[in-house]
Each structure stands twice: as structure tokens, then as C-alpha cells.
Amino acid sequence: MRKFVATLALTSSICATQALAENPIFKEVRTADPAAMVHNGTVYLYTGHDEAKDNKTFFEMHDWLLFSSTDMVNWKRHGAVLHTDDFKWAKGDAWASHVIEKNGKFYFYTTVRHASINGFAVGVAVADNPTGPFKDALGKALITNDMTTQTSIDWDDIDPAIFIDDDGQAYIFWGNSVPKYAKLKDNMIELDGPIHTIDIPKFTEALWVHKKGDNYYLSYASGFPEKIAYAMSKSITGPWEYKGILNEVAGNSPTNHQSIIEFKGKDYFIYHTGAAEPDGGEFRRAVSIDPLYYNPDGSLKRVVMTSEGITAPQ
Ligand code: FUB
């Protein structure tokens, strides 16, 4: 009996310390296109906000939400920290974003539909804090559809992802159908030089760049319905070696949109699915988090999407 009680006490103490996040991580709101940033011991998770009522038509997205956490299990809700109306030159569609810090300022790169230039565009807002308030940094778009001519579609300038290399040089990656990147000037609000295309197979959208050790990783949504694929390089400018599928099609959603971070010594794959109860779907997505594991050669193990989610880093 004494042994049983001791075992029970040990089990409940493990349960108490290893709280599960449970996927999707936010039940009360539909979230999409996660972009996480680690800053001063806190994870700031910026997401799109799916508001389509019947899940039968198209995306309805007006603002971007922010959540923060110091353990990735318990999240503080900051609400909407940026709205498409904050860009006077835009006319809606708060699609994927990415926030990054440089020299004490926080730059919020976003996808929005341009009001006067046909198609989607990339804007950038800036704040002194990760929680905002964010203000349009330029008063105009950073990238517009007429600046890129590789495809005739008008949604090929979406999904910005920023990477700052070890030498301080910042890059912006973006695109649908044709992956692109350019250098950013030190002020983070102007392109610095030409727009380059990237040679990777079956690219759809949702580029994300991260580095581990001396390897650069370029992950992206591939095909449609989307799987997340990835490529590796020894340089941020490539060439990129295709390494295969990282995550399979997400439940009940043809889009998947990943963000990858390291936090307190563990690696995480953050993505969305359409699996939220009771009304999840293609236009009512919800963000989930699962662990990411590396092989000894630096390649990535395929993500296992779970309902249980992650435990807090100890
Ligand atoms: O959320 C709208 C669009 O769906 C994003 O820009 C894409 O990455 C896909 O997730």
C-alpha cells in the first residue's frame, strides 16, 4: 500500500510539473499562419485570425493576434495588435506575417491586399515593444505585385519571412508559386538590391528560414493540399538542397503554415490545422505546437502531429 501511494504521488507530481499544452493551443479563437519570436525568455506568437462564419467561402481575416508565454503551455492573450486598417494603402486580407527584432525595434512584416495596385502586397509596421503599439513604418507597401513578374497570379507576393544572419544582414523571403528573397537595408524598411528567385521543388507558399549550428533551413508549404517540405544550405543565399517532407497534410485544412523556434533548449514546430472542435476547417484554422527533432547529420525528423501537444520545457 505504501508503495502504491508513493507511486501515485510520483505520478501526480510528474503530471503537475509536465503540463500538456493540448492541440490546438487556443480553443476560444480561430488562429492561423503562426509566426513565433523568442525575446528575453518569452515566446511571442503572432497569428492570423480566421473569422469566416460558415467555413464555406474564403478566408475572412482582418487583424493579427498576439499570444505570449514563458513556458509554451500557459499563454497570455494580448488580442489584436495590428489591423489591416493600420495600413492606409491596404484594403483588407490580413494574411501571413512575421515579426522580428532589430536594434531594439520590432518589425511586423505582413501580407495584405493593396487598395490601388492590383494584388497582394507586403507591408511593414514597427513598434518599440513586442506587444506594440505597431504603426505603419513606411506609409506605403514594401513589396507590391507589380514589382514581381515571374507569374501572372496576383497573390504571389505573400507570406513574408525575415532572417537576420550572423553578420547582421537581414533578408526577406516571400512568395506564392515562385519563392523569392531580397536583402533588407539596415533600416529594415527598404529592399537593398535585386529580388532573387529560389530553386526549390513543388513550392506553394509559407517560407520560413532558421539556422541551427552551421546549417540554414528553408521550410515551405509544398503542393496543395500542402505538406511542409524543407531544404538545407550552408549559406543563406543557397544553393538549397531539397531534403523532403517535414510535415504531412494537416487535419481538415489544405494549408499548414509553419514556424520553427528553439526555446529553452528545445525545438518546436508551430503550424495550423483545421481540426479545432466544433467548427474547424479550411477557413477556420487553429494553431498547434509539436516538438521538432534533428538527426545527428542535421537533417530534420518528420514532425508527428499530436492532440496532446507539448509539455513545458523544464
Ligand atoms: O492565411 C491566408 C493564407 O493561407 C496564408 O497567407 C498562407 O500561407 C495560407 O496559410
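Before reading on, note that the structure itself is shown above.
By convention here, each chain's residues receive numbers from 1 onward along its written sequence. Restriction of local features to residues with pLDDT of at least 70 applies here, the model being predicted, together with a cutoff of 80 or more for giving and counting side-chain atom pairs; totals for whole chains, interfaces and linings are based on all residues. By convention in this description, side-chain values take in all heavy atoms of the structure and omit both hydrogens and water.

Caption draft 1: Highlighting the nonpolar core. Ranked by internal contacts, the top residues of the largest apolar core, which has 28 residues, are Tyr46, Phe87, Phe108 and Phe134. Helix and strand definitions follow DSSP, with helices as H or I runs of at least four residues and strands as E runs of at least two, each counted in order from the N terminus. At the level of elements, strand 1 (31–39), strand 2 (42–49), strand 3 (63–69), strand 4 (76–83), strand 6 (105–113) and strand 7 (120–127) are the ones that each hand at least two residues to this core. Per-element accounting of this core gives the leading share, four residues, to strand 7. Two residues qualify as a contact provided that any one of their heavy atoms is within 4.5 Å of a heavy atom in the partner residue. Discounting chain neighbours no more than four positions away, the residues touching phenylalanine 134 are Tyr46, Val81, Leu82, Val99, Phe106, Phe108, Ala125, Val126, Ala127 and Asn129. Core analysis: the second largest hydrophobic core is formed by 20 residues, Ile25, Met72, Ile261 and Tyr268 among them. Buried Ala, Val, Leu, Ile, Met, Phe, Trp, Tyr and Cys residues form a nonpolar core when they are joined through side-chain atoms within 4.5 Å. Each residue is placed in one exposure class: buried if its accessible area under a 1.4 Å probe, protein chains only, is under 20% of its type's maximum, exposed if it is over 50%, and partly exposed if it falls in between.

Caption draft 2: Region of the structure containing the environment of lysine 212. With respect to the helices, strands and loops of the structure, lysine 212 is situated in strand 13 (residues 203–212). What makes lysine 212 partly exposed here is its relative accessible area of 24%. For the pair lysine 212 and histidine 196, spaced 16 residues apart in sequence, the C-alpha separation works out to 23 Å. Non-local contacts of lysine 212, meaning those with residues more than four positions away in its chain, are made with Tyr217, Glu262, Asp267 and Tyr294. One polar contact links lysine 212 to aspartate 267, side chain to side chain, over a distance of 3.0 Å. As used in this structure description, the phrase polar contact means that two N or O atoms lie within 3.5 Å; if the pair is within protein, one of them must be able to donate a hydrogen and the other to accept it, and residues adjacent in sequence are counted only when both atoms belong to side chains.

Caption draft 3: Layout of the site of the ligand. By nearness alone, every residue bordering the ligand is listed as Asp33, Phe59, Met61, Trp95, Ala96, Asp159, Glu205, Thr255, His257, His272 and Arg285. Interatomic distance of 2.5 Å between a side-chain N/O atom of aspartate 33 and an oxygen atom of the ligand. Aspartate 159 has a polar side-chain atom sitting 2.6 Å from an oxygen atom of the ligand. In this structure the site holding the ligand corresponds to the second largest pocket. In the scheme used here, Gly and all other residues not listed as nonpolar or charged are polar, with Ala, Val, Leu, Ile, Met, Phe, Trp, Tyr, Cys and Pro taken as nonpolar and Asp, Glu, Lys and Arg as charged. Within the shell around the ligand, the residues separate by chemical class into four nonpolar, three polar and four charged. In these notes, residues near a molecule or strand are those with any non-hydrogen atom within 4 Å of it. Definitions used for this entry: grid spacing 1 Å over protein atoms alone; cavity, a set of points where a 1.4 Å probe fits but cannot get out; pocket, an open set with protein on both sides within 12 Å along at least 5 of 7 lines; lining residue, one with an atom within 4 Å of a point. A molecule is counted as occupying a cavity or pocket when more than half of its atoms fall within 2 Å of that pocket's grid points.

Caption draft 4: Layout of the layout of surface pockets. Grid points are joined across faces, edges and corners, and a volume is the space filled by probe spheres set on the points. Approximately 490 Å³ is the volume found for the largest pocket. Around the largest pocket sit 21 residues that line it, and Ala36, Val38, Trp208, Ile260 and Ile261 are the ones nearest its centre. The biggest single contributor to the lining of the largest pocket is strand 13, with five residues. Classifying every residue of the lining of the largest pocket gives 13 nonpolar, three polar and five charged. What lines the second largest pocket is a set of 22 residues, and nearest its centre among them are Phe59, Trp95, Ile158, Glu205 and Thr255. Of the residues contributing to the lining of the second largest pocket, the split by class is ten nonpolar, five polar and seven charged.

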